[in-house]
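This is what each chain is made of:
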Amino acid sequence: MTGTTRLSVRGHLPEGYLADALRRDAELGLTAHPKRLPPKWFYDARGSRLFEEITKLPEYYPTRAEREILRRNSLDIAESLPAHTLVELGSGSSEKTRLLLDALRAVGSLERYVPVDVSAPALVEAGESLLRDYPDLTVEAVVSDFDAHLGIPEEPGPKLVAFLGGTIGNLTPDQRGVFLAAVRSQLRAGDGLLLGADLVKDPEVLVRAYDDAQGVTAEFNRNVLHVLNRELDGDFVPERFEHVAVWDSEDEWIEMRLRSLGDQTVKLGGLDLVAEFADGEEMRTEISAKFRASGLAMELERAGFAVARWWTDPENRFGLALAIPV
């Protein structure tokens with residue numbers, strides 16, 4: 001950290017971590033039945049740009065709904081938990097975070113912001129942008145992956161850990177339990193978790209949000225194939241895979257899949273792996289679970305939290321839970 005920038009970046013990922021993780025996920029997923037890939041691999045530079053486009057589409061309501069909740073309730077959040085440190089897991093561009101920063105500054109508690117993300121360049125870019133508008137803010141960025149290390153600082157609180165965007169829905173129930181318990185283990189009395197969750201609603205609305213008329217989400221979905229081609233010497237032809245979004249009413253989540261258009265054989269030279277796809281075979285690339293307030297409260301309770309406050313947008317599309325350790 002320097003006195004002029006008040007920006008530091010520290011890493012918790014060993015050398016080659018992301019490359020090794022991609023190799024492992026690709027090998028496991030492409031040899032599984034049915035095939036699957038984790039959604040984290042959508043987000044190279046191109047994928048991140050495509051997702052930014054998605055957030056502006058008329059069909060994709062979650063980003064707008066969450067921003068509306070924050071715009072209406074950030075001061076209430078800050079007064080409920082006047083944190084000295086705001087930690088954001090999966091911070092990305094940190095745009096919505098400005099509403100929380102403004103509110104915590106307004107109540108006079110904020111001392112530092114700790115964005116956590118896997119991309120060091122993205123953290124630096126976001127941190128420098130914030131410091132242009134908040135020159136007295138201390139930004140202590142952490143390069144980490146919550147699969148490996150949460151990146152939550154150990155200094156005294158009160159700390160507010162924000163996990164926004166409905167990203168919790170990309171985890172299976174078992175994974176959510178592990179993640180929430182890990183967060184709880186690093187919080188103390190007076191700390192809190194601000195958790196954003198997309199809510200169960202009309203399946204037609206949900207499917208449209210993940211299958212827009214312009215085809216941006218389809219291109220975003222196929223971007224994982226571009227990543228595998230580039231990073232693992234693959235020969236996927238992305239245009240030979242069709243984007244599919246379906247609502248699973250039993251698990252109450254959206255699944256994004258890639259459907260093979262014809263029989264095809266794909267080689268990944270970086271893994272010495274050959275994957276066979278039958279005509280119509282589908283590979284799952286994302287789940288996005290939708291929640292009910294009562295169910296989310298039960299999951300938080302099992303992890304050692306209690307929901308202290310709950311906010312939704314006027315149309316009850318999205319929810320923000322302030323959970324405190326018990």
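One structure accompanies this document, and this report is about it.

The rules behind these values
Residues numbered from 1 in each chain as written. Predicted model: local features only at pLDDT ≥ 70, side-chain atom pairs only at ≥ 80, totals over all residues. Heavy atoms only, no water. Helix = DSSP H or I, 4+ residues; strand = E, 2+ residues; numbered from the N terminus. Rg over C-alpha atoms; globule rule 2.2 N^0.38 Å. Buried < 20%, exposed > 50% of the residue type's maximum accessible area, 1.4 Å probe, protein only. Core = buried A, V, L, I, M, F, W, Y, C linked by side-chain atoms within 4.5 Å. Contact = heavy atoms within 4.5 Å. Salt bridge = Lys/Arg side-chain N within 4 Å of Asp/Glu carboxyl O. Pairing = 2+ DSSP bridges. Polar contact = N/O pair within 3.5 Å; in protein donor to acceptor, adjacent residues only side chain to side chain. Axes fitted to C-alpha atoms, helices over the stretch in contact; angles between N-to-C directions. Left-handed = near helix turned anticlockwise from the far one by under 90°. Nonpolar A, V, L, I, M, F, W, Y, C, P; charged D, E, K, R; others polar.

## A few points about the overall build of the chain
In step 1: The number of helices and strands found in the chain is 9 helices and 13 strands.
In step 2: Radius of gyration (C-alpha) of the chain: 20 Å, near the 20 Å computed for a compact globule of 326 residues.
In step 3: The principal-axis extents of the C-alpha atoms in the chain amount to approximately 60 × 45 × 35 Å.
In step 4: Residue burial in the chain is summarised as follows: out of 326 residues, 51% are buried.

## Let's talk about the nonpolar core
In step 1: Leu30, Leu228, Phe236, Leu268 and Phe277 are the most contacted members of the largest nonpolar core, which totals 36 residues.
In step 2: Of all the elements, helix H8 (residues 216-232) adds the most residues to this core, at 7 residues.
In step 3: The contact partners of Phe236, leaving out residues within four places of it in the chain, are Leu30, Leu225, Leu228, Asn229, Phe241, Val266, Leu268 and Phe277.

## Digging into the pattern of salt bridges
Two side chains with opposite charge may pair up if their charged atoms get near one another.
In step 1: Applying the stated criterion across every chain, the model contains 27 salt bridges.
In step 2: The salt bridge involving Glu68 is made with Arg317; its shortest N-O contact spans 3.5 Å. In this pair, Glu68 is assigned in helix H3 (residues 62-80) and Arg317 in the loop between strand S12 (305-312) and strand S13 (318-325), connecting sequence segments 249 residues apart. The exposure classification of Glu68 matches that of Arg317, with both residues buried.
In step 3: A salt bridge links Asp191 to Lys159, with the shortest nitrogen-to-oxygen separation between them at 3.7 Å. With a gap of 32 residues between them, Asp191 in the loop between helix H6 (173-185) and strand S6 (192-198) and Lys159 in strand S5 (residues 159-163) connect regions that are remote in the sequence. As far as burial versus exposure is concerned, Asp191 and Lys159 are alike and both buried.

## A look at the pairing of strand S10 (residues 273-277)
In step 1: The alternating pattern of S10 places Leu273, Ala275 and Phe277 on a buried face and Val274 and Glu276 on a face that is not buried.
In step 2: Inspection of the sheet shows strand S9 (residues 264-268) paired to S10 by 5 bridges, in the antiparallel sense. Residue pairing for S10: Thr265 is matched across the bridge by Glu276.
In step 3: Where S9 hands over to S10, the hairpin turn is made up of 4 residues, of which Asp272 adopts a positive phi near 50 degrees.

## Thoughts on the environment of His149
In step 1: Here His149 is to be found in the loop between strand S4 (138-143) and S5.
In step 2: The exposure class of His149 is partly exposed, given its relative accessible area of 29%.
In step 3: Taking the C-alpha atoms as reference, His149 lies 10.0 Å from Gly11; in sequence the two are 138 residues apart.
In step 4: Excluding residues that lie within four positions of it along the chain, His149 makes contacts with His12 and Ser144.
In step 5: Of the polar contacts made by the side chain of His149, one reaches the backbone nitrogen of Gly151; its length is 2.9 Å.

## So, the packing of helix H1 (residues 17-30) against H8
In step 1: The N-to-C vectors of H1 and H8 enclose an angle of 120 degrees; their axes lie 11 Å apart at closest approach. Classified by chirality, the crossing of H8 by H1 is left-handed. Residues Leu22, Arg23 and Ala26 of H1 touch H8, and the partners they reach there are Val227, Leu228, Glu231 and Leu232.
In step 2: Residue composition of the contact of H1 with H8, by class: 5 nonpolar, no polar and 2 charged.

Everything listed here is a matter of coordinates, which is why it stays silent on function.
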